Amino acid sequence: MLPAYNTTIVLLGTSLLGACCGILGTFAVLRQRALLGDALAHSTPLGVAVAFLLIAQREVSWLLLGALASGLLGVVTILGLTRFTRLKEDAAMASVMGVFFAAGMALMTNIDHHSPTGNQAGLMSVTVGQTASMLGQDVYWIAAVSLLSLVTLALLFKEFKVVTFDEAFAKIQGWPAGALELLLASLVALAVVMGVFFVGAILITALLVFPAVIARFWTSRLSIMLVIAGLCGAAMGGIGTALSARYSFTPAAPLIVLVGTAGFMVSLLAAPERGALAKLFHARRLSRRLAEQRLLVHLWQSEFNGATAAAWRGGGGASAASTKAASRLASIGLLRPAPLAADGPVWKLTDLGRERAARVARGRELWRLALLHYPELARQAADLDLEAVDRLLPPGVIAELQAELDTPRCATSPPTSPSEASP
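What counts and what doesn't
Along each chain, residues carry numbers from 1 onward, in the same order as the chain's sequence is written. Note on the predicted model: pLDDT of at least 70 is required for a residue's local features to be given, and 80 or more for side-chain atom pairs to be given and counted; whole-chain, interface and lining totals, by contrast, use all residues. Processing note: side-chain calculations cover all non-hydrogen atoms of the structure and skip hydrogens and water entirely. Distance thresholds for patches are 9 Å for like charges and 5 Å for nonpolar side chains (Val, Leu, Ile, Met, Phe, Trp, Tyr), applied to residues having over 30% relative accessible area and no salt bridge. Each accessible area value is a Shrake-Rupley result obtained with a 1.4 Å probe; residue values ignore everything except the protein chains displayed when judging cover. Here, a salt bridge means any Lys or Arg side-chain nitrogen found within 4 Å of an Asp or Glu carboxyl oxygen. Runs of E in the DSSP output that reach at least two residues are strands. Runs of H or I that reach at least four are helices, and both are numbered from the N terminus. One less than the residue count of a helix, multiplied by 1.5 Å, gives the span that helix is expected to have. Partly exposed describes any residue whose relative accessible area lies between the buried limit of under 20% and the exposed limit of over 50%, with all areas from a 1.4 Å probe on protein chains only and scaled to the type maximum. What pLDDT expresses is the predictor's confidence in each residue, scored from 0 to 100. Aromatic rings from Phe, Tyr and Trp, taking only the six-membered ring of Trp, are treated as a pair when their centres fall within 6.5 Å; an angle between ring planes under 30 degrees marks them as stacked, one over 60 as edge-to-face, and anything in between as tilted. Axis definition: a line fitted to C-alpha atoms, limited for helices to the stretch in contact. Angles are taken between N-to-C directions and run from 0 to 180 degrees. Here roughly perpendicular refers to angles of 65 to 115 degrees, roughly parallel to angles under 35, roughly antiparallel to angles over 145, and oblique to all remaining angles. By definition, any crossing whose near helix is turned counterclockwise from its far helix by less than a right angle is left-handed, and any crossing with a clockwise turn is right-handed. The contact criterion used is simple: two residues touch if any of their non-hydrogen atoms lie within 4.5 Å. Polar here means any residue other than Ala, Val, Leu, Ile, Met, Phe, Trp, Tyr, Cys and Pro, which are nonpolar, and Asp, Glu, Lys and Arg, which are charged; Gly is therefore polar. The charge count includes Lys and Arg as positive and Asp and Glu as negative, but it does not include His or the ends of the chains. For charged residues, the charge sits on one atom: NZ in Lys, CZ in Arg, CG in Asp, CD in Glu. What counts as a disulfide here is a pair of cysteine sulfur atoms lying within 2.5 Å.

So what's going on with a nonpolar patch on the surface? Residues and values would help.
Together, Leu269, Leu277, Leu280 and Phe281 make up a nonpolar patch on the protein surface, roughly 380 Å² of accessible area in all. For the nonpolar patch, the element with the highest residue contribution is helix α14 (residues 276-304), accounting for three residues. By the secondary structure assignment, phenylalanine 281 is in helix α14.

The following block contains the structure:
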């Protein structure tokens, strides 16, 4: 187990690093550039190796400058490839990541074999990290980078937000979208360079991506997402380090990533709107609601077509979903039972059920007209809830579609309101 002072230093450093990476990684994830951190991290070994060859000793500040230079060169190369060639971003990132990492590993291996001090310098730790070797001055560096990143984000939050979600709009406003994008990528590069010596080039990506992905499960607002991502990153670093200190046979970097994995799994299952359980419950609730709506519309249309004694007959010929829907509608007073028939129960609409059936029929007609005249709105009808049309469509569109719906209708079409159905 680490001594108490060292444990405190490492806990503080990894928590700060996790919070900084989580906040900065949020923009990368929202820009669909989660691989940017990975490409940057894999670019740093080349700079570290070149810096060591130039100064021939393990001076941390020079190695950091070398890692930062190669990281920024990697960012510029990626942006240049995507802007001036036909390469997609993922292809550009993968290319830069592979070339820089291969060159860095080749140089490091050569240094280890041919330099008398190369093996002792521990340059290969860049690839896997040495969290336990963190010193007090490292924490000061991490704190300085975190403070610089937070101040920059606070001053340019609106600009970064617009560039992240709508780069074209930012250009129309006359903002230097390219410079803002490069500045944001440079902040990510700074965080990666600081973290790569402690977490490793391979695992630093998880510290950038996991907090942002976890936060995305819990909120859709950027400001809240940044706070959650920062807290998740700090928790990943702190808990992972604490577990490593408690179980000394396990290095901290993998535990930090495993803690992030646990947070991701919990969010994937239990997040209130985007979690798997929430989606499952929503799908089941919607399925029941659609079965009720189909049954109501069926009875409503049967009454319009002249079947004054329109009824729905359950029993062996009806589906289980329809039978359960009829029971639920009857329990809330929308259906009433008719005398039992030999082949199963018979249900009829009550006055209350007739009113709701009219709303459902109106919603179905409005959705049909909306998809006919405004097909771009189809995505908003993804859950097909017929009674949600007034909530999902703009009021102006509802008014226009309602006016079309109120025009004289074909005699065979069912009414869409109780008043229209009344003699």
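Go over α14, please, and point to the residues and values.
Its 29 residues give α14 an end-to-end C-alpha distance of 42 Å, which sits within 8% of 42 Å, the value for a rise of 1.5 Å per residue. Looking only at α14, the buried set comprises Ala278, Leu286, Leu290, Ala291, Glu292, Gln293, Leu295, Leu296, Val297, Leu299, Trp300 and Ser302.

Before we move on, can you summarise the pattern of salt bridges with the specific residues and values?
The full count for this structure, using the stated rule, is five salt bridges. Put simply, arginine 31 and glutamate 181 hold a salt bridge, and the shortest N to O gap is 2.9 Å. Of this pair, arginine 31 sits in the loop between α1 (4-30) and α2 (35-55) while glutamate 181 sits in helix α10 (residues 177-196), and the two are 150 residues apart along the sequence. Residue classification places arginine 31 among the buried positions, given a relative accessible area of 16%. Judged by its relative accessible area of 6%, glutamate 181 falls in the buried class. Between arginine 354 and aspartate 351 there is a salt bridge whose closest N-O contact spans 2.9 Å. You can see arginine 354 and its partner aspartate 351 sitting in helix α16 (residues 351-373), three residues apart, about one turn around the helix. By sharing partners, the salt bridges in this structure join Glu292, Arg328 and Arg356 into a single network.

How would you summarise the confidence of the model for the chain if you had to cite specific residues and measurements?
Predicted confidence across the chain gives a mean pLDDT of 79, with 83% of residues reaching 70 or more. Predicted confidence in the chain is weakest over helix α19 (residues 418-421), with a mean pLDDT of 47, and strongest over helix α12 (residues 222-246), with 89.

Could you give an account of the packing of aromatic side chains, with specific residues and numbers?
How two aromatic rings sit relative to each other is given by the distance of their centres and the angle of their planes. Per the stated rule, a full pass over the model turns up three aromatic pairs. Taking the centre distance of 6.0 Å and the plane angle of 50 degrees together, the rings of phenylalanine 210 and phenylalanine 264 count as tilted. Highlighted residues: phenylalanine 210 in helix α11 (residues 204-218) and phenylalanine 264 in helix α13 (residues 252-270), separated in sequence by 54 residues. Judged by relative accessible area, phenylalanine 264 falls into the partly exposed class, the value being 22%. A network of ring pairs unites the aromatic residues Phe210, Phe217 and Phe264 as a single cluster.

Give a description of the packing of α12 against α13 that names residues and reports values.
One way to put it is that α12 packs onto α13 with a least axis distance of 8 Å and a crossing angle of 130 degrees. Overall, the two elements α12 and α13 adopt an arrangement that is oblique. The handedness of the crossing between α12 and α13 comes out as right-handed. Contacts between α12 and α13 involve Ala235, Met236, Gly237, Ile239, Gly240, Thr241, Leu243 and Ser244 from the former and Ala252, Leu255, Ile256, Val259 and Gly260 from the latter. By residue class, the composition of the contact of α12 with α13 is eight nonpolar, five polar and no charged.

Which residues make up a positive patch on the surface, and what are the values?
Side chains of Arg284, Arg285, Arg288 and Lys324 sit close together on the surface and give a patch of like positive charge. Positionally, arginine 285 belongs in helix α14.

Tell me what's going on with the environment of threonine 250, and back it up with residues and numbers.
Relative to the helices and strands, threonine 250 resides in the loop between α12 and α13. The partly exposed category is assigned to threonine 250, whose relative accessible area is 21%. Non-local contacts of threonine 250, meaning those with residues more than four positions away in its chain, are made with Ser244 and Leu255.

Pulling in residues and values, what's your account of the state of the cysteines?
Enumeration according to the criterion identifies zero disulfides in this entry. Cysteine 21 takes part in no disulfide bond, and the closest cysteine sulfur, belonging to cysteine 20, lies 5.7 Å away.

Which residues make up the packing of α11 against α12, and what values do they have?
With their axes 8 Å apart at the nearest point, α11 and α12 run at an angle of 130 degrees to one another. Relative to α12, α11 is oriented oblique. As for how α11 packs across α12, the hand of that crossing is right-handed. Listed contacts from α12 to Ala206, Leu207, Phe210, Pro211, Ala212, Ile214, Ala215, Arg216 and Trp218 of α11 are Met225, Ile228, Ala229, Cys232, Gly233 and Met236. Residue classes in the contact of α11 with α12 are distributed as 13 nonpolar, one polar and one charged.

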